[in-house]
Amino acid sequence: MMDASPRSAHSIGTAVQRCIRPACGASFAIRERIYICQNCGGPLEIATPLPSANEAAALRARWRSRAGSLDPRDRSGVWRFREMLPFDDAAPIVTLAEGNTPLYDAPRCAEYSSVGALRLKHQGCNPTGSFKDTGMTTCVTQAVRLGARTVVCASTGNTSASLAAYAARAGLQCAILLPRGQITSSKLAQSMDYGAIVCEIDGNFDDCMRLIQEIADDPSIYLANSINPFRIEGQKTVAFELMEQCEWRVPDHVVVPGGNMGNCSALGKGFEEMRQMGLVDRLPKLSVIQAEGAAPLAQLFAGLKGQWKPDRAPIPEELTPVENPQTLATAIKIGSPVSWEKALRSVIRSHGQVIAVSEQEIADAKAMIGRDGIGCEPASATTVAGIRKLVAAGFIRSEESIVAILTGHLLKDPDYVSDYHRGTLSLRPDTKDRKTESRPIKGSFRNAPIQVAASKSAILEQLRRTNS
Ligand code: F0G
């Protein structure tokens, strides 16, 4: 039988949507279908009354014990932490048993990055193969609670695959906007299979994002991009789950890829809430890694030149978008991230960093993750590439504890893997200028198939040669 939740419907009822900008701080009811502050246009977050600090030990035990329960809410690595979520027991939960993803040791990646140990939390082990599922379960549950008939998103492929699946579970119509020709075939196939209306747009992700926000003005439509604070609520539980896996010993560093910046915002919120409640005594340094050709936040961060201590300088009000973002890590091919303010706040609070890595660095780091027996998509590999760089720069010390968040599964982009190992990977910038040359990526750790005669001796001879 389910244990009784200690949260009353009354305390959930006091959760609000609040503008994160200190100069505004306006609050809105939890059932208002809004995505940005109606007062100043700033980003919204959910402010939930947190359980009190003297409940911390009991909560840890309860969350752990739920992992062995058969209740569908407990099978979910998101709803297992429901005391921290702005939903009461009557919420019409839409779940695919998301979360509860593994935390792996990665000794080869550690050596590659010149650190003693490195752990990888693999969010690609979620039901649709990416971290988006942890936020989509809460977002689609909120859509059902609000009586929406249609859910929509713009996407580089993973958000759309995830939304399509959760909408199908909930029996909602789902429409997705994708930049034509810029989504991997695996991600596109998922959305088609889950029955979404797939709209391919002539333009890039940022164009899709602008358009979808206009469409979401219609009251029957609910927007499921990470600008929606209910997405962030689900995704923040990854921080709780990670701390449970770390036996509540806070790692020195948590490193994430950066695209539209929902993931960093969510982890930052999760850690901050745990600190407020006394579940942890400090924050890990939260660092974001972007691909060089799509790195607007890294550029802004570099411009702050260390003046980012919260008491010395406020968060800047504007981010200069990258007009024509380019990277083979298509998941993070984003020039104008919607949640940059929230993400930067989390980085600043935790004394983390935002940096960019090259296409070559991403590709080699991805191959190294593969050598540890762990398969991720290119965007996820920015983390290991970034850690290597941050170690070289002296920001991460070799004896510190480090967790990288892998965001998507290898099978999300098998063509990239195959091209790397065959030595045919190259970045062809999408531009109308025919003269723009493609830039080859070296297969530094390539492992191409070999042609071998169909005989026992030929195969054994090949094994001997490869061993020597
Ligand atoms: N890694 C993967 C595999 C992603 O799909 C994304 C984002 C990110 C990292 C970046 O996370 O946006 O929270 O900073 N994909 C979005 C999408 C944009 O539409 O699937 P973020």
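Residues numbered from 1 in each chain as written. Predicted model: local features only at pLDDT ≥ 70, side-chain atom pairs only at ≥ 80, totals over all residues. Heavy atoms only, no water.

Visitor: Go over the environment of Thr137, please, and point to the residues and values.
Guide: Tracing the backbone shows Thr137 in helix 5 (residues 132-146). Its relative accessible area of 0% is what places Thr137 among the buried residues. With 58 residues separating them in the primary sequence, Thr137 and Trp79 have C-alpha atoms 8.9 Å apart. Ignoring anything within four residues of it in the chain, the contact list for Thr137 reads Val78, Trp79, Val94, Thr95, Glu98 and Tyr166. A polar atom in the side chain of Thr137 sits 2.8 Å from the side chain of Trp79. (Helix = DSSP H or I, 4+ residues; strand = E, 2+ residues; numbered from the N terminus. Buried < 20%, exposed > 50% of the residue type's maximum accessible area, 1.4 Å probe, protein only. Contact = heavy atoms within 4.5 Å. Polar contact = N/O pair within 3.5 Å; in protein donor to acceptor, adjacent residues only side chain to side chain.)

Visitor: Could you give an account of the packing of helix 13 (residues 359-371) against helix 15 (residues 414-422), naming the residues involved and the relevant values?
Guide: With their axes 11 Å apart at the nearest point, helix 13 and helix 15 run at an angle of 95 degrees to one another. For the element pair helix 13 / helix 15, the angle class is roughly perpendicular. Every residue of helix 15 that contacts helix 13 at Glu359, Ile362, Ala363, Asp364, Lys366 and Ala367 is listed here: Tyr416, Val417, Tyr420 and His421. Looking at the contact of helix 13 with helix 15 residue by residue, the class counts come to six nonpolar, one polar and three charged. (Axes fitted to C-alpha atoms, helices over the stretch in contact; angles between N-to-C directions. Parallel < 35°, antiparallel > 145°, perpendicular 65-115°, else oblique. Nonpolar A, V, L, I, M, F, W, Y, C, P; charged D, E, K, R; others polar.)

Visitor: Pulling in residues and values, what's your account of the packing of aromatic side chains?
Guide: According to the stated counting rule, one finds eight aromatic pairs in the structure shown. When the ring of Tyr35 is compared with that of Tyr222, the centres are 5.8 Å apart and the planes differ by 50 degrees; the resulting orientation is tilted. Here Tyr222 lies in strand 9 (residues 221-223) and Tyr35 lies in the loop between strand 2 (27-29) and strand 3 (44-47), a separation of 187 residues in the sequence. An identical accessibility class is assigned to Tyr35 and Tyr222; each is buried. Residues Tyr112 and Phe445 carry aromatic rings whose centres are separated by 5.9 Å and whose planes lie at 80 degrees to one another, so their mutual orientation is edge-to-face. A residue pair is termed long-range when its members are at least 10 positions apart, and Tyr112 in helix 4 (residues 107-112) and Phe445 in the loop between strand 15 (439-440) and helix 16 (456-467) qualify at 333 residues. Judged by its relative accessible area of 13%, Tyr112 falls in the buried class. By relative accessible area, Phe445 is classed as partly exposed at 25%. Grouping aromatic residues by their ring pairs yields a cluster made of Trp63, Phe81, Phe240 and Trp248. Here the basic side chain of Arg388 rests over the ring of Tyr112, its NZ or CZ set 4.1 Å away from the ring centre. (Phe/Tyr/Trp six-rings, centres within 6.5 Å; stacked < 30°, edge-to-face > 60°. Lys NZ or Arg CZ within 6 Å of the ring centre and 35° of its normal.)

Visitor: How would you explain the sheet that holds strand 9 if you had to name every residue and give the values?
Guide: On the basis of which strands lie adjacent, the open sheet formed by four strands has the order 8-7-6-9 and parallel pairing. The outermost strands of the open sheet, each flanked by one partner alone, are strand 8 (197-201) and strand 9. In this sheet, neighbouring strand axes are inclined to one another by 25 degrees on average, regardless of whether the strands run parallel or antiparallel. Where strand 6 (residues 150-154) meets strand 9, three bridges bridge the pair, whose relative direction is parallel. Bridging across to strand 9, Thr150 finds its partner in Ile221. Lying on the sheet, helix 8 (residues 205-215) is in contact with strand 6, strand 7 (173-179), strand 8 and strand 9; it crosses strand 7 at an angle near 150 degrees. (Pairing = 2+ DSSP bridges.)

Visitor: Lay out helix 15 with the relevant residues and their values.
Guide: Every buried residue of helix 15 is listed here: Tyr416, Val417, Tyr420 and His421. Buried positions in helix 15, seen along its axis, are confined to an arc of 120 degrees and lie on one side of it. Each element contacted by the buried residues of helix 15 is listed here: helix 13 and helix 14 (378-392). Positive backbone phi, approximately 80 degrees, marks Gly423, located one or two places after helix 15. (Arc of directions from axis to C-beta.)

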